[in-house]
Amino acid sequence: MALPKPWIIERALGWLNLYQRLSKGYERSTKAADTIIQITMIHNMFQKIST
């Protein structure tokens, strides 16, 4: 079943908000913020696979 795209984006942003470091703009550079987001999404994917 295909989900509407806005719902998929909202779900992904909700997952990111679970991490305290991403809830506020603590990073000084955008490259560091992008890296933290990638690490967070990889962590989420591993959690989904392991359950």
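Fair warning: this is a prediction, and the values are worked out from it, not measured in the lab.

Conventions adopted
Residues numbered from 1 in each chain as written. Predicted model: local features only at pLDDT ≥ 70, side-chain atom pairs only at ≥ 80, totals over all residues. Heavy atoms only, no water. Helix = DSSP H or I, 4+ residues; strand = E, 2+ residues; numbered from the N terminus. Rg over C-alpha atoms; globule rule 2.2 N^0.38 Å. Buried < 20%, exposed > 50% of the residue type's maximum accessible area, 1.4 Å probe, protein only. Areas by Shrake-Rupley, 256 points an atom, 1.4 Å probe, with all protein chains shown as cover. pLDDT = per-residue confidence, 0-100. Contact = heavy atoms within 4.5 Å. Patch = residues over 30% accessible without salt bridge, like charges linked within 9 Å, V, L, I, M, F, W, Y side chains within 5 Å. Salt bridge = Lys/Arg side-chain N within 4 Å of Asp/Glu carboxyl O.

S.K.: Mind laying out the overall build of the protein chain, listing which residues take part and the relevant values?
M.R.: Broken down by element type, the protein chain carries three helices and zero strands. From first element to last, N terminus to C terminus, the protein chain shows the α and β order α-α-α. Taking 10 Å as the expected radius of gyration for a compact globule of 51 residues, we find that the protein chain reaches 12 Å, considerably beyond that expectation. The C-alpha extent of the protein chain, read off along each of the three principal axes, is 40 × 25 × 15 Å. Counting across all 51 residues of the protein chain, residues that qualify as buried make up 8%. Looking at the protein chain as shown, the accessible area adds up to about 4,700 Å², and 64% of this sits on carbon and sulfur atoms.

S.K.: Describe the confidence of the model for the protein chain, with residues and values.
M.R.: Mean pLDDT over the protein chain stands at 82; residues scoring 70 or higher make up 94%. The least confident element of the protein chain is helix H2 (residues 20-23), whose mean pLDDT is 75; the most confident is helix H3 (residues 30-50), at 88.

S.K.: Give a detailed account of the environment of Glu27, specifying residues and quantitative values.
M.R.: If you trace the backbone, Glu27 turns up in the loop between H2 and H3. We classify Glu27 as partly exposed; its relative accessible area is 23%. Counting along the chain gives 22 residues from Glu27 to Ile49, while the straight-line C-alpha distance between them is 29 Å. Once residues within four sequence positions are removed from consideration, Glu27 is found in contact with Arg21, Ala32, Ala33 and Ile36.

S.K.: Give me the lowdown on the environment of Gln20, citing residues and values where you can.
M.R.: Summarising the element assignment, Gln20 is placed in helix H2. Separated by 18 residues in sequence, Gln20 and Gln38 place their C-alpha atoms 15 Å apart.

S.K.: Quick one: what's the story with a nonpolar patch on the surface, residue by residue and with numbers?
M.R.: On the surface, a cluster of nonpolar side chains totalling about 350 Å² of accessible area is made up of Ile42, Phe46 and Ile49. Of note, Ile42 is situated in helix H3. Ile42 gets classed as partly exposed once you look at its relative accessible area, which sits at 45%.

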